[in-house]
Amino acid sequence: MATKAFNKVKSSDIELKDRLVAVNRVTKVTKGGRTFSFSAVVVVGDENGVVGHGLGKAKEVTEAITKAIEDAKKNLIKVPVLKGTIPHPQKGKYSGASVLIKPASAGTGVIAGGAMRAVLESVGIHNVLAKSQGSSNPHNVIKATFDALSSLRDGVTVAKQRGITLDKVFNG
């Protein structure tokens, strides 16, 4: 989609908080025995509409997490957040994972599980209803959530793209 290209953000001027989503121990079997290493999935965000995700692999857990954070800072996107929720319902899909996110009224909280919760809280969304369907693989769920979030558009963006006033967007 064309809207995804405009959502990219530079990480140099933003203070980001990181959340560890998953750490996996992976094994490579060689002639000399098993070699263990770790892969980490991390989500970073400023809790004000900017979020990114990354994957890091290394022999040590801390090194894998550090690599994942650096990777996440390279994949930042800007998400429209209106009054602590999202502007409209949206579906996202990546591989076998599908997600559905819906706006919610104030006081609802983040109704989401696991990997989706980490992404939505890192963005700064406080009231949302979310459902993860299909694959529960954290990496795929995160990418499906990013697909949904990067497809969100606020009223001002819609008005600009259509070349009409903001009143016509909401009042027909």
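Here is a short report on the structure shown in this document. (Residues numbered from 1 in each chain as written. Predicted model: local features only at pLDDT ≥ 70, side-chain atom pairs only at ≥ 80, totals over all residues. Heavy atoms only, no water.)

We now examine the pairing of strand β5 (residues 90-94). With 5 bridges joining them, β5 and strand β6 (residues 97-103) adopt antiparallel strand pairing. The residue of β6 that forms the bridge with K91 is L100. Linking two consecutive strands that pair antiparallel, namely β5 and β6, is a turn of 2 residues; a positive phi of about 50° is found at S95 within it. (Pairing = 2+ DSSP bridges. Helix = DSSP H or I, 4+ residues; strand = E, 2+ residues; numbered from the N terminus.)

A separate point is the sheet that holds β6. Ordered in space as β5-β6-β8-β7, the 4 strands form an open sheet in which the pairing is mixed. Each edge of the open sheet is held by one strand with a lone partner, namely β5 and β7 (110-111). Bridge count between β7 and strand β8 (residues 128-134): 2 bridges; the pairing is parallel. Each residue of the ladder has a partner; that of V110, found in β8, is V128. Sheet strands touched by helix α3 (residues 114-123): β6, β7 and β8. Its angle to β8, the strand with the most contacts, is close to 145°. Lying on the sheet, helix α4 (residues 138-150) is in contact with β5, β6 and β8; it crosses β5 at an angle near 140°. (Contact = heavy atoms within 4.5 Å. Axes fitted to C-alpha atoms, helices over the stretch in contact; angles between N-to-C directions.)

Below, the discussion takes up the pattern of salt bridges. Applying the stated criterion across every chain, the model contains 4 salt bridges. Between E47 and R19 there is a salt bridge, with its nearest N and O atoms 3.0 Å apart. Here E47 is found in the loop between β2 (33-45) and β3 (50-58), whereas its partner R19 is found in strand β1 (residues 17-30), with 28 residues between them in sequence. Classification of R19 as partly exposed rests on a relative accessible area of 26%. (Salt bridge = Lys/Arg side-chain N within 4 Å of Asp/Glu carboxyl O. Buried < 20%, exposed > 50% of the residue type's maximum accessible area, 1.4 Å probe, protein only.)

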